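# Fold and geometry: a report
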Amino acid sequence: MKDSISTLIAAAEPVASQSSIFDALTIVIVGFTFVLFVLLLLSATIWSIGVFFTCMEKTESQPVVEKSETPVGDSAIWDGELDPHEIAVVTAAIHCVVGDQAHRIVSIRSGSSSWAQEGRRQIFTSRRVR
């Protein structure tokens, strides 16, 4: 009797281990599928928000640019202080903001060098005097 019970237990062990492996594999597959579903849902939500804001941006009115009545020539834009490359950068920036609307650049004036002075002040104050 004892021998038959141990034979029965030995025969039942591989079946039990196979079912536990199958159960573990099922849990892993279901969990992986759930994670992929949640990521797909988040991706779709973010994409729809992007489409919404893109549509809102297109429907907003373009910025209004005041038009000058005075004629603009090279003398009005070029005051001798700016580099031609700086003029190109400013013109490109204005075009990016205004877009294809008609606009006119009346003058470009160089700003003060206060930013450079502030940077130098911060550098000098950060150093320890010996």
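The shown structure was predicted, so the numbers you read here are calculated from the model rather than taken from an experiment.

Definitions and limits used
Residue positions are given per chain, counted from 1 along the sequence in the order it is written. Local features in this predicted model are restricted to residues of pLDDT 70 or higher, and side-chain atom pairs are both shown and tallied only at a pLDDT of 80 or more, whereas totals for entire chains, interfaces and linings draw on every residue. Computation of side-chain values covers all heavy atoms of the structure but excludes hydrogens and water. Labels follow the DSSP assignment, with helices taken as runs of H or I lasting at least four residues and strands as runs of E lasting at least two, numbered in each case from the N terminus. Residue exposure (1.4 Å probe, protein chains only): buried if accessible area is under 20% of the type maximum, exposed if over 50%, otherwise partly exposed. Contacts are residue-level and defined by heavy atoms, with any inter-residue pair within 4.5 Å sufficient. Calculation of accessible area relied on Shrake-Rupley with a 1.4 Å probe; when residues are assessed, cover is drawn exclusively from the protein chains displayed. Any residue with relative accessible area above 30% and no salt bridge may belong to a patch, with like charges joined within 9 Å and the nonpolar Val, Leu, Ile, Met, Phe, Trp and Tyr side chains within 5 Å. Here, a salt bridge means any Lys or Arg side-chain nitrogen found within 4 Å of an Asp or Glu carboxyl oxygen. Within 3.5 Å is the distance limit for a polar contact, defined as a pair of N or O atoms, with the added protein rule that one can donate a hydrogen and the other accept it, and that residues adjacent in sequence qualify only through two side-chain atoms. Multiply 1.5 Å by the residue count of a helix minus one, and that product is the helix's expected span. Per residue, pLDDT measures the predictor's confidence, with a range of 0 to 100.

Another aspect to go through is the overall build of the protein. Summing up its helical and strand segments, the protein has four helices and zero strands in all. Going from the N terminus to the C terminus, the protein shows its helices and strands as α-α-α-α. Counting across all 130 residues of the protein, residues that qualify as buried make up 5%. A fraction of 73% describes how many contacts in the protein between residues 6 or more apart in sequence connect residues 24 or more apart. A total of about 11,800 Å² of accessible surface is found on the protein, and carbon and sulfur atoms cover 66% of it.

Take a nonpolar patch on the surface next. Residues Phe32, Phe34, Val35, Leu36, Phe37, Val38, Leu39, Leu41 and Leu42 make up a contiguous nonpolar surface patch of about 900 Å² in total accessible area. Within the secondary structure, Leu36 sits in helix H1 (residues 2-59). By relative accessible area, Leu36 is classed as partly exposed at 44%.

This part takes up the environment of Thr45. Structurally, Thr45 can be placed in helix H1. Look at Thr45 and you get partly exposed, because its relative accessible area is 37%. Looking at Thr45, its side chain comes within polar contact range of the main-chain oxygen of Leu41, at 2.8 Å.

If you check helix H3 (residues 84-98), its first and last C-alpha atoms are 21 Å apart, about what 15 residues at 1.5 Å a residue would give, namely 21 Å. The positive-phi residue at the C-terminal boundary of H3 is Gly99, with phi of around 85°.

Below, the discussion takes up the confidence of the model for the protein. Looking at the protein, the pLDDT average stands at 75 and 65% of residues meet or exceed 70. Across residues 67-78 the pLDDT falls below 50, and counting only partners more than four positions away or on other chains, this stretch makes 17 contacts in the model.

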